[in-house]
Amino acid sequence: MITITNAHFLTSASKLSECPAPTTSEIVMLGRSNVGKSTFINTLLESNLAKSSSTPGKTRLINFFTSIWHDQEKDLHIPISLIDLPGIGYAKVSKQELTLWQRNLWEFLQQRSSIKLFIHLIDARHQQLAIDSNLASQIQAILRGDQILLPIYTKADKLTKNDLAKLKQKAALITTNNATIARTIYRPKSPQDPTLLDMIRERIFYALLGDISTDMPNKG
Ligand SMILES: Nc1nc2c(ncn2[C@@H]2O[C@H](COP(=O)(O)OP(=O)(O)OP(=O)(O)O)[C@@H](O)[C@H]2O)c(=O)[nH]1
Ligand SMILES: [Mg+2]
């Protein structure tokens, strides 16, 4: 079981040169605007540290959150920073602003070598968008040997029963093929499902440590 302590907001930056010197391994959240990046950070950290909103475009800067992850069984204590980003391709800014932001974003993603895990959040209702496949290929193209790209579907609670069953099947199939998919753990009105939250934290924790051999069990 993974427990997380000392979660707090560290700082914000608009480009690489403004970022704090890295002191921990880092996980960055990527995905379209409104896909649930900030919410996912809050879910993982069981906090309200990252500002989320139903209006796309809420996150406008690179935001750093630090925390300490403990694997009680293995007696590991690892400081980890989670990085929240603005949505990829968010269009409601001027063309000039968008171009500058994209340049800053890719400089950051390419050169911030303390990022060990790129989490690509994909809306489970829209699994085949060009913007997501382009993003995945762009990340694959810059990935170093010690970095991993982990896709995670969000908003699966909005799927019909039938589509959810299909997604579960697809998740199991892709896991077998050595890619990884986690189902959403978003539970706005009921307490978090501890089993599922723990499973996803474990998968992320061990992916960060470079262990991609543990397939994620298809439970929950
Ligand atoms: N139903 C459901 N809603 C979700 C889920 N994840 C996030 N949301 C909602 O989706 C909206 C957007 O969530 P955010 O976390 O702000 O999304 P974001 O990707 O950070 O958005 P930007 O900062 O604009 O890029 C909020 O209203 C969340 O409550 C989910 O898994 N299921
Ligand atoms: Mg956000």
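Preceding block: the structure.
Here the structure is a predicted model, which means the values were calculated and not measured. (Residues numbered from 1 in each chain as written. Chains lettered and ligands numbered in written order. Predicted model: local features only at pLDDT ≥ 70, side-chain atom pairs only at ≥ 80, totals over all residues. Heavy atoms only, no water.)

The next point concerns the sheet that holds strand β2 (residues 25–31). Spatially, 6 strands are ordered β1-β3-β4-β2-β5-β6 in an open sheet, and the strand pairing comes out mixed. Looking at strand neighbours, the two that pair on one side only are β1 (2–13) and β6 (148–154), the edges of this open sheet. Strand-to-strand twist in this sheet, taken as the mean axis angle between neighbours without regard to direction, amounts to 25°. Relative to strand β4 (residues 76–84), strand β3 (residues 62–71) runs antiparallel, the two sharing 9 bridges. Looking at β4, one finds that F65 is bridged to L82. Contacts from helix α1 (residues 37–45) reach β1, β2, β3, β4, β5 (115–123) and β6, with the element oriented near 160° to β4. Contacts from helix α3 (residues 130–142) reach β2, β5 and β6, with the element oriented near 170° to β5. (Pairing = 2+ DSSP bridges. Helix = DSSP H or I, 4+ residues; strand = E, 2+ residues; numbered from the N terminus. Axes fitted to C-alpha atoms, helices over the stretch in contact; angles between N-to-C directions. Contact = heavy atoms within 4.5 Å.)

Turning our attention to unusual backbone geometry. One can expect most non-glycine residues to show negative phi and most peptide bonds to be in trans. A positive phi angle, near 55°, is found at N6, a position not held by glycine. Non-glycine residue D75 carries a positive phi angle of around 55°. On the basis of relative accessibility, which here comes to 59%, the residue D75 falls in the exposed class. (Buried < 20%, exposed > 50% of the residue type's maximum accessible area, 1.4 Å probe, protein only.)

Around ligand 1, the surrounding shell holds 21 residues, and the nearest of these are K37, T39, G57, T59 and D157. Contacts to ligand 1 include V35, whose backbone N or O atom sits 3.3 Å from an oxygen atom. Of the residues assigned to the shell around ligand 1, the class counts are 3 nonpolar, 12 polar and 6 charged. (Near = heavy atom within 4 Å. Polar contact = N/O pair within 3.5 Å; in protein donor to acceptor, adjacent residues only side chain to side chain. Nonpolar A, V, L, I, M, F, W, Y, C, P; charged D, E, K, R; others polar.)

Counting residues in each nonpolar core, the largest one holds 28 residues, and the members touching the most others are I27, M29, F40, L117, I119 and I204. Formed by 21 residues, the second largest nonpolar core is a distinct cluster that contains V28, L85, W106 and I139. (Core = buried A, V, L, I, M, F, W, Y, C linked by side-chain atoms within 4.5 Å.)

Inspection of the secondary structure puts K51 in the loop between α1 and β3. Assessed through its relative accessible area of 55%, K51 is described here as exposed. Sequence separation between K51 and D84 is 33 residues; the distance between their C-alpha atoms is 9.6 Å. In this structure K51 touches S38, K58 and T59, once residues within four positions along its chain are discounted.

Burial of α1 is extensive: 8 of the 9 residues sit out of reach of the surface. Along α1, the residues that are buried comprise K37, S38, F40, I41, N42, T43, L44 and L45.

Quick look at the side chain of K116 now. Turning to its location among the elements, K116 is positioned in strand β5. By relative accessible area, which is 18% here, K116 ends up buried. A distance of 2.8 Å separates a polar atom in the side chain of K116 from the backbone oxygen of S113. For K116, the contacting residues outside a window of four places in its chain are S25, E26, D146, Q147, I148 and L208.

Counting across every chain of the model gives 4 aromatic pairs. With centroids separated by 5.1 Å and ring planes inclined at 80°, the aromatic side chains of F205 and Y206 adopt a geometry described as edge-to-face. Since its relative accessible area comes to 0%, F205 is described here as buried. Among the aromatic residues, those joined into a ring-pair cluster are W69, F205 and Y206. (Phe/Tyr/Trp six-rings, centres within 6.5 Å; stacked < 30°, edge-to-face > 60°.)

Tallied over the full model, the rule gives 6 salt bridges. R201 is the salt-bridge partner of E46, the closest N and O atoms lying 2.8 Å from each other. Taken together, the positions of E46 in the loop between α1 and β3 and R201 in helix α5 (residues 194–208) put the pair 155 residues apart, joining distant regions of the chain. The residue D123 makes a salt bridge to R125 at a minimum N-O spacing of 2.7 Å. Taking relative accessible area as the criterion, R125 reaches 35% and is therefore assigned partly exposed. (Salt bridge = Lys/Arg side-chain N within 4 Å of Asp/Glu carboxyl O.)

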